[in-house]
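The lines below spell out each chain.
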Amino acid sequence: MSRRGRAWLIVLTGLLVFFALIGWVVDAWTEWLWFDELGATRVFTGQLGTRLGLFGVFGLIIGAFLFGNLYLAYKLRPFLPPTGVEQQTLERYRYLLGPHLNRWFLLLSGVIAFFGGLAAQGHWQQWLLFENAVPFGQKDPQFGTDIGFYVFKLPFWQYLLNTGFTVTVLALLGAMGVHYLYGGVRLAGPGDRMTTGARAHLTSLVALFVILKAIAYVLDRRALLLDTITGTGLTGAGYTDIHALLPAKEMLTYISVIVAIAILIFSNAWLRNLTWPGVALGLLAISAVAIGGIYPWGVQTFQVDPSRNSREAPYIERAIASTRSAYGLDAAVSTPYSSETLVPPASLADDKTIVPNIRLLDPAVVPETYTQFSQVRSFYQFGDKLDIDRYTVDGKLADYVVGVREIEYSKLSAAQNNWINRHTVFTHGYGLVAAPANTTVCNGQPFFVSGFFTGQSKQSSEQGCSSPTDKLPVEQPRIYYGERMSDYAVVGSSDGAAAAEYDRPTGDTSDARYTYTGKGGVDIGSTWRRLLYSIKYAESKFLLADAVNGNSKILYERDPRDRVQKVAPFLTLDGDPYPAAVNGRIVWIVDGYTTSANFPYSQRIDLQDATSDSLTGDGTFRLAKQEINYIRNSVKATVDAYDGTVTLYQFDDKDPVLQAWNKAFGGKLITPKDQIPAELAAHFRYPADMFKVQRDLLTRFHVNNANDFFNAPDFWAVPNDPAGHGDAKQPPYYLLTQLPGQTEARFQLTSAVTPAARQNLAALISGSYVDGKPVLEVLELNKDNRIPGPGQAQQQMENDGAVRNQLNIWGPNVVKGNLLSLPYGGGMLYVEPIYLRSSGEKTYPLLEKVLLSYGDKVAFADTLAEGIKQLVGTTTGTPPVVTPEKPPTTGTPPVTGTPLAAAAAKVDQAIDDLRAAQQKGDFEAYGKALAALDAAIKEFETANAAANPTTPTPSPTPTTG
C-alpha cells in the first residue's frame, strides 16, 4: 500500500473510532443524567463499574494466561532445531514470525481476552448475587446445604468453571502450535517426538483440564438437585440420580484427581513418556462412560422403570414440597365447597354479599367507550385495556374501572404532527377517568365519576349519565408519564414567555395552556446539554428551535414500566401496571418480582407460557421467555404520573433475593416496607402474573400425595377463554366480592379451573390481601359434582333458544364481556355482560344485556336485577325453548319419495330430537337439534316452493314448548 493509501486508511479508521467513542460517551452521559434525575446514580455506576471490572479482570487474566503459555512454549523451544523436510518448511514460518513474535502473541491473546471480557461482563448479575449472597434460612433435602448456595453461588461457580475449560483448551492448542512450530513437538523424524520442556508444559495443561473436570464433578453433584426426575417431568434428583449418579460422580472426582497426578508423574518424573498418561486418560474416559453412564442406565432400566411410582415416591414428595415453598403455594388455604345445588336459591334475589358488587364493565371491552365519552379531543386516548381498582365514594367501597387520558401521538393530524407540536406542545394527557364497575346508565354507558374537563360533565350529569362532581379529585391531574408516552417531551418556558404546552379544552373559545413545574426531567438549558441531546436524538432543533430555552427540561423514558425496569434491572415486572389516585396524585403502580431458576427440587416453568392468556399483548405486556423455579412479589414500585419519580417499596421483607440485590446497590435502593403510605397500600392488589403462575402450578401441585401425583387422577386445567378468544387461556379477573368462608367482601383476583380431561368445575382459586399480607385460597368442589365449568356454562347460555336467536340477529356486532364465576348457596352463578356495537366506523360497545346461569337455568335480561329475578322465578329444570310447529304444506300433498316428502320427514325428525333434548336437559344435543331444525325448515320451504310455484309458503308459527 502506498504512503497516501496508508494515510487515508489511518484517517478513516480514526474517524470510525472517534464516532464510535462519541456515541458511547453520549449514551453513557445521558444515561447518567437520567439516573441522576431520579437519584439512582448508584444503580448506573454499580452496573457500569461491575461490568467494566469484570471485563477488565477476566480479560486480563485470560489474556495473561494465554500469553504466558504461548511465551513459555517459545522459551522452551529446543536450542538446536531438529532437521528434516518437515522442519525446512517450518523454518520459513519461523523466519517470518520471529522478529515480531511477541506482537503476534499479544494480538492473539488480546483478541481472545477481549471476547472473554465481553462474555464476563454479561454475567454481572450473577457476580453481584455471588458477592452479596445472604442465607436463605432453608436447607436442601439431600445435602442439607443452605439454598442460598444454589441461588447465589452455584451459577457463578459454573460460569468460572466453563471459562476455565475454554481457556485451558485454547492455551493447550496455542502452546502445542508454538511447540510444533519451533521443533518442541514433531510428527516425524528419529528420536523423541517431544522435548522434555514441551512434554512438561503440555502435560501440565492436560492435568489442569483433568483437575477442572474433578471440580466439575463436585459441582455436578449439587446441580443434580436442579436436574429432571426421569419419567415424571419434575425438577430435582430422582432415585437413579441419588443412588447411582451421585456416588458415580464422587468416584469420578477421585479418579480425576488420581489421573491428573498420574499424568504429571508418569510424563515428567518417572517413565518420561506419554504412554501411561494416555492410558490414564483412556481409563478416565472409560470410567466416565461405565460409571457415569452405563451404571445409571442399568439402575434406571432394571430397578426404577418397573416400579417407578414406588421408587420415585420420596423424590416426588420432595419436588412437591419444594415447589409449593418456592412459589408460595404452601400458604394456600384449601376449603371444601359443597356443590350439589343446581336450582337458584330464593335468597339470591335479596343477596347482599355478591350480587351488589357484580362487575358489568369489562376493562378489556370498554376502552373505546371511555374514549368516545371522555376524550373531547381526537388525540386523547385510553389504553387498549383499562384497569380495575377500588375506591370509597360517598362512604361506600366499590371497584371501579379506571384509565388515564393520555396523548396518542399517532392520532395527531398532519398539521399537528411536526417536531414543535409533537415534542413541545402536546406533551401530556389529563385526568384519571373512573366509573363504578357494577353500574351502567343511559342505554348501557359507564357512569363516569372523575376526570372531567371544565364544563364537560354539566349536560351529562343533568341527564343522569355522569356524576355532577368529581368523586376522585386529584391536585395534579396532568399525565406526563404513561403507557402511551413513547416520545420525549421538551418542557419549560423562558422567563416572561407565554405557556406553550397544550393543557386541556375549557369550553371557551380558546383552550388552556400550561408550563411544566415538576421536578422531573433533565435540565437542557445550557448549550452543552442541548448539543448532547442533539447528538443523542440526531435532531438539530435542540440547538435551533426557540422552544428550547434556558429553562427547558427534557422528559424521556416516560413509560412507567420502562422507568422501573431501568432503576431496578434485577426485577421481573408484571405485565399490567395500573394507575391510582393516591393523596391527590396520580401514580402508576407496578408489581416487581424477584426470580431464580436454581431452587432445588422446585418445578421449572417458562414464565412467558405460564402468564400468557387471551388478553396478553392486548393491553398487557407479554413477559419475556425465562425459565424460573422461584418467584416472590418482593417490590411494589410507583411512578408519579406528573414528575416521573420512581419509588421501590419493599413488599416481601423476608425475600433473601431482594435483600441481596438491595445490598449490592448500597442498601438504600429499596424503601422499607414500614414506610409504605397507608393510602398507597389501600390500592395494592394481588399481582396478576404471579397469580397466573400460581394458578397453573396449583392445577397439579394441589395434590400432596406422591402416588396420586404420579398417577395424576385429580389434576386440573385452566380452561380456555369461553368468550371466543381462540385457544388462549381464560384470564383471571379482579372482583370486590365475598367468597364462601370469608367474613367480608375483599378485592381479589379470581379464576376457575376444571378437571384435566373434563369441563365441569373443579375449583375456584382467589388471591387477595388481608391486613397487608397476600392470601391464596382454593375453593375446592366435590370431585363428582355436576356444576358446569366456564366453557359448559357459556355453551349452555348461548344454546338457550331466546339467547341464540337474539345473538344471531345481532351477529358480528355482539361483544362478549368476561364470564364471571361466583359461588353462592352451594352452586355457581355465572354472569356475562353482553355488549352491542353499532354498525359503521368509530363505533363503541355499550352494555345491552346481561346473561346469567345457575345450574340448569339461564336468564337473559336488560339488567342484572331482572336477570336474578328470572333465575329465581324459573321453576323448570329444562332450558326455556321455542319449538316451531311443522310448517304446513300448500297445494298438492307431498307424494312419498318426492323431495318435499323427504324434507317434511327431516323436519319431523328434527322436532322429535329437539323435544328429546329438552326433556333430558342436554344443552349440547339441544343446540345441535335446533340447528338441524333450522336447516330442515329451509329445505322444506325450498322443496314446497318448487312443488307449488304459484302458492306462497307460509312461515311456521312458533309455540312455546
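Above: the structure in question.
From a predicted model like this one, the values you see are computed outputs, not experimental measurements.

Definitions and limits used
- Residues numbered from 1 in each chain as written.
- Predicted model: local features only at pLDDT ≥ 70, side-chain atom pairs only at ≥ 80, totals over all residues.
- Heavy atoms only, no water.
- Pairing = 2+ DSSP bridges.
- Helix = DSSP H or I, 4+ residues; strand = E, 2+ residues; numbered from the N terminus.
- Axes fitted to C-alpha atoms, helices over the stretch in contact; angles between N-to-C directions.
- Buried < 20%, exposed > 50% of the residue type's maximum accessible area, 1.4 Å probe, protein only.
- Core = buried A, V, L, I, M, F, W, Y, C linked by side-chain atoms within 4.5 Å.
- Contact = heavy atoms within 4.5 Å.
- Phe/Tyr/Trp six-rings, centres within 6.5 Å; stacked < 30°, edge-to-face > 60°.
- Lys NZ or Arg CZ within 6 Å of the ring centre and 35° of its normal.
- Salt bridge = Lys/Arg side-chain N within 4 Å of Asp/Glu carboxyl O.
- 1 Å grid on protein atoms, 1.4 Å probe; cavity = no way out; pocket = protein on both sides within 12 Å on 5 of 7 lines; lining within 4 Å.
- Points joined across faces, edges and corners; volume = space filled by probe spheres on them.
- Nonpolar A, V, L, I, M, F, W, Y, C, P; charged D, E, K, R; others polar.

Let's talk about the sheet that holds strand β9 (residues 432-436)
Strand order across the open sheet formed by three strands is β5-β6-β9, with antiparallel pairing between neighbours. Only two strands of the sheet have a single partner each, and these edge strands are β5 (387-393) and β9. For this sheet the average axis-to-axis angle between neighbouring strands, irrespective of direction, equals 45°. Of the pairings in the sheet, the one linking strand β6 (residues 396-404) to β9 comprises five bridges and is antiparallel in character. Within the sheet, the bridge partner assigned to Tyr400 lies in β9 and is Pro436.

So, the sheet that holds strand β17 (residues 553-555)
The strand order β13-β17-β16 describes an open sheet built from three strands, whose pairing is antiparallel. Strand pairing shows two members of the sheet lacking a second neighbour, β13 (489-491) and β16 (522-523), which therefore form its edges. Examined bridge by bridge, β13 and β17 share three bridges and lie antiparallel to one another. Paired with Val490 across the strands is Ile554, a residue of β17.

Observations concerning unusual backbone geometry
With a phi angle near 55°, Glu557 is a residue other than glycine that sits in the positive phi range. Its place among the elements puts Glu557 in the loop between β17 and α17 (560-567). Given a relative accessible area of 30%, Glu557 falls into the partly exposed group. A positive phi angle, close to 70°, is found at Tyr601, a residue other than glycine. Checked against the element boundaries, Tyr601 lands in the loop between β20 (585-596) and β21 (605-606). Tyr601 sits in the buried class, given a relative accessible area of 0%.

Observations concerning the nonpolar core
Counting residues in hydrophobic clusters, the biggest one holds 189 residues, and the most contacted among them are Tyr370, Leu648 and Leu829. Of all the elements, helix α6 (residues 147-181) adds the most residues to this core, at nine residues. Apart from residues no more than four positions distant in its own chain, Leu648 is found in contact with Val564, Val567, Ala568, Val635, Lys636, Ala637, Leu669, Ile670 and Thr671. Membership of the second largest hydrophobic core comes to 22 residues, among which are Ala752, Ile787, Met797 and Met828.

So, the pairing of strand β27 (residues 746-755)
For β27, a buried count of 10 out of 10 residues is recorded, marking the element as mostly surrounded by other parts of the structure. Both strand β25 (residues 716-717) and β27 contribute to a ladder of two bridges, which runs antiparallel. Directly across from Ala717, in β27, lies its bridge partner Thr754. Bridge count for strand β26 (residues 733-737) against β27 is five bridges, and the pairing is antiparallel.

Structural notes on the packing of aromatic side chains
By the definition in use, this model includes 54 aromatic pairs. An angle of 50° between the planes, with centres 5.3 Å apart, marks the rings of Trp127 and Phe156 as tilted. Here Phe156 lies in helix α6 and Trp127 lies in helix α5 (residues 124-131), a separation of 29 residues in the sequence. A relative accessible area of 3% places Phe156 in the buried class. Arranged with centres 5.5 Å apart and planes meeting at 80°, the rings of Tyr480 and Tyr642 form a pair that is edge-to-face. Of this pair, Tyr480 sits in the loop between β12 (478-479) and β13 while Tyr642 is found in the loop between β23 (630-640) and β24 (646-650), placing the two residues 162 residues apart along the sequence. Considered together, Tyr480 and Tyr642 belong to a single accessibility category, that of buried residues. Geometry around Phe130 places Lys153 over its ring, the cationic atom sitting 4.4 Å from the centre. Just above the ring of Phe860 sits the side chain of Lys849; from NZ or CZ to the centre is 5.5 Å.

Side note on the pattern of salt bridges
Counted according to the given criterion, the structure contains 32 salt bridges. The salt bridge involving Asp394 is made with Lys471; its shortest N-O contact spans 3.4 Å. One end of the pair, Asp394, is in the loop between β5 and β6; the other, Lys471, is in the loop between α14 (457-462) and β12, with 77 residues separating them in the sequence. Sharing partners across several salt bridges, the network here consists of Lys385, Asp387, Asp576 and Arg685.

Describing the layout of surface pockets
Put simply, the largest pocket is a space of about 780 Å³. Lining the largest pocket are 29 residues, with Gly328, Arg632, Asp652, Lys654 and Pro774 sitting closest to its centre. Those elements giving two or more residues to the lining of the largest pocket turn out to be β23, α21 (688-701) and β29 (773-781). It is β29 that provides the largest number of residues to the lining of the largest pocket, a total of four residues. Class assignment of the residues belonging to the lining of the largest pocket gives a composition of 14 nonpolar, seven polar and eight charged.

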